[in-house]
Amino acid sequence: MFPKPVASLKPNTLEYESLPMVKPTGFREYDARWLFEEEINLMGMQALGMGIGTLIHERGVRPDIAVGHDFRGYSASIKMAVINGLLAAGVNVHDIGLALSPMAYFSQFALDVPAVAMITASHNDNGWTGVKMGIDRPLTFGPDEMGRLKEIVLGAAFDLKGGGSYRFVDGFPEVYAKDLTDRPKLKRPIKVVAACGNGTAGAFAPKILEALGAEVIPLDAELDHTFPRYNPNPEDMQMLHALRDKVLEVGAEVGLGFDGDGDRCGVVDNEGEEIFADKVGVMLARDISALHSNSQFVVDVKSTGLYHTDPVLQANGAKTDYYKTGHSYIKRRVRDLNAVVGFEKSGHYFFNQPIGRGYDDGLVSAIAILDMLDRSPNRTMADLRRDLPKTWGSPTMSPKCADEIKYDVIDRVVSKFQGMKEKGETVAGQAITDLITVNGVRVVSEDGTWGLVRASSNKPELVVVVESPVSEDRLHAMFKAVDGILRENPEVGDYNQTI
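Residues numbered from 1 in each chain as written. Predicted model: local features only at pLDDT ≥ 70, side-chain atom pairs only at ≥ 80, totals over all residues. Heavy atoms only, no water.

**Q** How should I be thinking about the pattern of salt bridges in this particular structure?
**A** Working definition: two side chains of opposite charge can pair if their charged atoms are close together. Using the criterion set out here, one finds 44 salt bridges in the structure. A salt bridge links Arg385 to Glu271; its shortest N-O distance comes to 3.3 Å. You can see Arg385 sitting in helix α14 (residues 381-387) and its partner Glu271 sitting in the loop between β10 (265-269) and β11 (274-275), a full 114 residues away along the chain. Across the salt bridge formed by Arg379 and Asp387, the nearest N and O atoms sit 2.2 Å from each other. With a relative accessible area of 33%, Arg379 lands in the partly exposed category. Under the relative-accessibility criterion, Asp387 is labelled partly exposed at 36%. (Salt bridge = Lys/Arg side-chain N within 4 Å of Asp/Glu carboxyl O. Helix = DSSP H or I, 4+ residues; strand = E, 2+ residues; numbered from the N terminus. Buried < 20%, exposed > 50% of the residue type's maximum accessible area, 1.4 Å probe, protein only.)

**Q** Got a minute to help me understand the nonpolar core in this structure?
**A** It is characteristic of soluble globular proteins that their nonpolar side chains tend to be buried jointly. Among the nonpolar cores identified, the biggest contains 65 residues, and Leu209, Leu256, Phe258 and Leu284 are the most heavily contacted of them. Ranked by residues supplied to this core, first place goes to helix α13 (residues 362-374) with 9 residues. Beyond its immediate stretch of four places on either side in the chain, Leu284 contacts Phe343, Tyr349, Phe351, Ala368, Ile369 and Met372. Of all hydrophobic cores here, the second largest spans 38 residues; its members include Met50, Ile52, Tyr74 and Met133. (Core = buried A, V, L, I, M, F, W, Y, C linked by side-chain atoms within 4.5 Å. Contact = heavy atoms within 4.5 Å.)

**Q** Looking at this model, I keep getting lost on the pairing of strand β7 (residues 191-195). Mind explaining?
**A** The two faces of a sheet get side chains in turn, since along a regular strand they alternate between them. Counting buried positions along β7 gives 4 out of 5 residues, so the element sits mostly inside the fold. Strand direction decides the pairing type here: β7 and strand β8 (residues 215-219), joined by 5 bridges, are parallel. When the bridges of β8 are listed, Lys191 appears paired with Glu215. With helix α7 (residues 205-211) bridging β7 and the parallel β8, this β-α-β connection has right-handed handedness. As paired elements, β7 and strand β9 (residues 254-258) share 4 bridges and run parallel to each other. Bridged to Ala195 within β9 is Gly257. (Pairing = 2+ DSSP bridges. Right-handed = clockwise from strand over helix to strand, strands pointing away.)

**Q** I would appreciate a short explanation of the environment of Thr13 in the present structure.
**A** You can see Thr13 is positioned in the segment before α1 (14-18). Spatially, the C-alpha atom of Thr13 lies 43 Å from that of Lys345, the residues being 332 residues apart in sequence.

**Q** Where do I start with the environment of Asp220 in this structure?
**A** By the element assignment, Asp220 lies in the loop between β8 and α8 (237-250). A residue is classified by how much of its surface remains accessible, and Asp220, at 11% relative accessible area, is buried. Apart from residues lying up to four places away in sequence, Asp220 is in contact with Cys196, Gly197, Asn198, Arg229 and Tyr230. Here Tyr230 takes part through its side chain, which lies 2.6 Å from a polar atom of the side chain of Asp220. (Polar contact = N/O pair within 3.5 Å; in protein donor to acceptor, adjacent residues only side chain to side chain.)

**Q** Would you mind going over the packing of helix α4 (residues 101-110) against helix α6 (residues 172-181) with me for this structure?
**A** In helix packing, the relevant descriptors are the interaxial angle and the interaxial distance, both defined with respect to the helix axes. Packing of α4 against α6 brings their axes to within 10 Å, and their N-to-C directions diverge by 85°. It follows from the interaxial angle that α4 and α6 lie roughly perpendicular. In contact with Pro102, Met103, Phe106, Ser107 and Ala110 of α4, α6 contributes Phe172, Pro173, Val175, Tyr176 and Asp179. In the contact of α4 with α6, the residues fall into 8 nonpolar, 1 polar and 1 charged. (Axes fitted to C-alpha atoms, helices over the stretch in contact; angles between N-to-C directions. Parallel < 35°, antiparallel > 145°, perpendicular 65-115°, else oblique. Nonpolar A, V, L, I, M, F, W, Y, C, P; charged D, E, K, R; others polar.)

**Q** Which parts of the structure should I look at to understand the sheet that holds β7?
**A** Remark on secondary structure: sheet strands pair via backbone hydrogen bonds, oriented parallel or antiparallel. Strands sit in the order β8-β7-β9-β10-β11 across an open sheet of 5 strands; the sheet is mixed. Of all strands in the sheet, those with a lone pairing partner are β8 and β11, marking the two edges.

**Q** I tried to follow helix α3 (residues 75-88) on my own but got confused; where do I start?
**A** The periodicity of an α-helix, 3.6 residues per turn, causes residues three or four places apart in sequence to face the same way. For α3, spanning 14 residues, the distance from its first C-alpha to its last is 20 Å, which sits close to the expected 20 Å at 1.5 Å a residue. Along α3, the positions that sit buried rather than exposed are Ser75, Ile78, Lys79, Ala81, Val82, Ile83, Gly85 and Leu86. Buried residues along α3 sit against α2 (42-58), β2 (64-69), β3 (92-98), β4 (115-119), β5 (128-134) and β6 (166-168). Positive backbone phi, at 80°, marks Gly90, one or two positions downstream of α3. (Expected span 1.5 Å × (residues − 1).)

Here's what the structure looks like:
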């Protein structure tokens, strides 16, 4: 019988090599994330594989799973530990090797495999690992599946029937690339900087964009799992600044930045302006809704209010639904509403048919941006940005807050704002006109300025975003008000970046 996992073990000991360690907080809302060796060990990852396999059988899914791993120094070892667990649970493993997360999602369709397990910490810093999982393509796990998986793994309630098989799928990246490039080329060679942060996307993104007819200038595309310049995260201003500098240096029409597992794409325009992903989404929504009348879109609660107020989207008959932040949540909502696209401020875009298959793929997003430019030969990316109604927005800002307490803190913050609204109190000097509590709280003042606070789904931190359609002063006033309420909670630490 496989031992029951324990929450903590001291490295470099007999127990560490003899028992599975799995910190319970690693089971998050829609995927799993741990600090490798501090919060989970290889036996713990093996237990996770056993748990995934047990859940597959429990849900009556055909026991075939595609497995891939991102480019980190430890990901291949972790993948093999997970595979050992899957085999013990009687699952047939189709190993696609080094991959982007969307490549793993694509493999479910290309290989006709119902389940997926992608070994990746996404944009988290080195030291982190995790798994993005799904058993109902194109969806990935939500809270229900994650909760049941947690019960199985921590309780060692495994069904280890054995009999699983293993095969390595040779050359799968070429299959993925062909799927993206088997289409007409761009009408002109759009000059693109492709920034990859030395992460997994460097092995694939520049070649695919070149095959589409773009003139590509790679930036930090050499694979190096130490991430020597910056963490590959297109929400991180350090990566965006590096991309901006290169765009201006070479005179590119657009800069595209890919995160560590390639499911997100950040954008810098030809004038070096770093465009937050929710604003890029509005630009794409304008382009797509002109081609598909009465388009339905889904966006997360961190995103700009322009999806509701933009006159072009209104004229095109577009409808937008604001929903919970998180790739699994938005993906599921896109499917349920049969939306054309779902947009997240983080840069996860979920293109449905006829553009994509419903999952988030940074390269599909990049191609949609290039197609938008290709359809507007007399307009630059900066022109398209300037066409949007002016708003002042913040990047995603994340103050530290321990996993064990962050949801309690959010409950307190939500209650605080609800109490303020009931008493007729103001926020940043204005009346509260709306509170959106589908995911944390988005507090809206009478001039449309708003602030959002929610718990991060994959790191020990909170998430804060503010936007004003009025002025930069109102933006800062809202941030000061929201931060002031956060500071009533001593568990909230320093921000990673602020305005």
